[in-house]
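So the chains spell out like this:
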Amino acid sequence: MIRDLPAGARLSAGAHDPAIDGWVLRPQDLSALTIIPPPDQREDFTLTLLGVALRPGAGDAARVLTRLPVRLG
């Protein structure tokens, strides 16, 4: 899941889920993922990323939470 996109920003893949206020992506969405900022965005920003890996059949999950600075220009 990716959160904290500036208002009006979009991702080139995945789907926005308003219930969690974030973008949900599958592994195949990540290889060419791009961020499309709103036209008036002038300041850098930081995204929050939550990755979850599930082990099929086991019910185990590994989670990673990190913040990713995005530099414009």
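First things first, this report covers the structure right here in the doc. Per chain, residue numbering runs from 1 following the sequence as it is written. Local features are withheld for residues below a pLDDT of 70 in this predicted model, meaning they are given only at 70 or higher, and side-chain atom pairs are given and counted only at 80 or more; totals for whole chains, interfaces and linings count all residues. Water and hydrogen atoms play no part in the side-chain values, which are based on all heavy atoms of the structure.

Let's talk about the side chain of Asp29
Let me state the cut-off plainly: Segments assigned H or I by DSSP are reported as helices when at least four residues long, segments assigned E as strands when at least two residues long, and all are numbered from the N terminus. Type-normalised accessible area, obtained with a 1.4 Å probe on protein chains alone, sets the label of each residue: buried when under 20%, exposed when over 50%, and partly exposed for intermediate values. A 3.5 Å cut-off defines polar contacts: any pair of N or O atoms within that distance qualifies, except that in protein one atom must be a possible hydrogen donor and the other a possible acceptor, and neighbouring residues in sequence count only when both atoms are side-chain atoms. Every residue pair with non-hydrogen atoms within 4.5 Å of one another is taken to be in contact.
With respect to the element layout, Asp29 can be found in the loop between strand E4 (22-24) and strand E5 (35-36). For Asp29, a relative accessible area of 12% puts it in the buried group. Engagement of the side chain of Asp29 in a polar contact is seen with the backbone nitrogen of Arg26, the distance being 2.8 Å. Not counting residues within four places of it along the chain, the set of residues in contact with Asp29 comprises Ala13 and Gly14.

A closer look at the pattern of salt bridges
Formally: Salt bridge, as used here, is a side-chain nitrogen of Lys or Arg placed within 4 Å of a carboxyl oxygen of Asp or Glu.
Across all of its chains, the model carries three salt bridges by this definition. Between Arg26 and Asp29 there is a salt bridge whose closest N-O contact spans 3.3 Å. Using a relative accessible area of 49% as the deciding quantity, one classes Arg26 as partly exposed. The salt bridge partner of Arg71 is Asp44, with a shortest N-O separation of 3.8 Å. Of the two residues, Arg71 is situated in the segment after strand E7 (61-70) and Asp44 in the loop between E5 and strand E6 (45-54); the sequence distance between them amounts to 27 residues. We classify Arg71 as exposed; its relative accessible area is 61%. Given a relative accessible area of 39%, Asp44 falls into the partly exposed group.

So far we have only geometry, and geometry alone does not tell us how the molecule works.
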